[in-house]
Amino acid sequence: MTQEEEKILRVFETRVREIKGQFEVIFTTYANNATLTSDAEWLTPVEENFANAGRHVVNINCEANPTEVERSATLLLTSNGITTPITITQERKRDQDGY
């Protein structure tokens, strides 16, 4: 494992419904100036920069999934040079009968 790979830790993975909505991510940073970014336009943190270390509760906006396949995005929490991916998988669009 390279030094860069050691700095990336997988600690969180979750699933969300296919509908538009908002949910919370709760985390603690141990250094000032942490960031939380998304690699997808359909999943965006309301707040991205955290000047102070400590516990943070962040709302995440999630657009409805218009496709018939599930999709995934990654939130990247970076603090003190360490990046932690948070993988979010969104369910596929359901038909009229809920299937």
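Rules behind the numbers
Residues numbered from 1 in each chain as written. Predicted model: local features only at pLDDT ≥ 70, side-chain atom pairs only at ≥ 80, totals over all residues. Heavy atoms only, no water. Phe/Tyr/Trp six-rings, centres within 6.5 Å; stacked < 30°, edge-to-face > 60°. Helix = DSSP H or I, 4+ residues; strand = E, 2+ residues; numbered from the N terminus. Buried < 20%, exposed > 50% of the residue type's maximum accessible area, 1.4 Å probe, protein only. Polar contact = N/O pair within 3.5 Å; in protein donor to acceptor, adjacent residues only side chain to side chain. pLDDT = per-residue confidence, 0-100. Contact = heavy atoms within 4.5 Å.

## Let's talk about the packing of aromatic side chains
Piece 1. Following the criterion strictly, the structure yields one aromatic pair and no others.
Piece 2. Ring centres of Phe 27 and Phe 50 lie 5.4 Å apart, and the angle between their planes is 85 degrees; on these two criteria the pair is classed as edge-to-face. One end of the pair, Phe 27, is in strand β2 (residues 21-29); the other, Phe 50, is in strand β5 (residues 49-50), with 23 residues separating them in the sequence. Exposure class is identical for Phe 27 and Phe 50. Each is buried.

## So, the side chain of Thr 83
Piece 1. Structurally, Thr 83 can be placed in strand β8 (residues 82-90).
Piece 2. Within the local environment of Thr 83, its side chain forms a polar contact with the side chain of Thr 78, the two groups lying 3.1 Å apart.

## Remarks on the confidence of the model for the protein chain
Piece 1. Per-chain confidence: the protein chain averages 84 in pLDDT, with 83% of residues scoring 70 or above.
Piece 2. Per-residue pLDDT stays below 50 along residues 4-10; that stretch engages in eleven contacts with residues further than four places along the chain or on separate chains.

## Some details on unusual backbone geometry
Piece 1. Positive phi, close to 65 degrees, is recorded for Asn 33, a residue that is not glycine.
Piece 2. Secondary-structure assignment places Asn 33 in the loop between β2 and β3 (34-38).
Piece 3. Even without being glycine, Asn 80 reaches a positive phi, approximately 55 degrees.
Piece 4. On the secondary structure map, Asn 80 appears in the loop between β7 (71-79) and β8.
Piece 5. According to the relative accessible area criterion, Asn 80 is exposed, its value standing at 67%.

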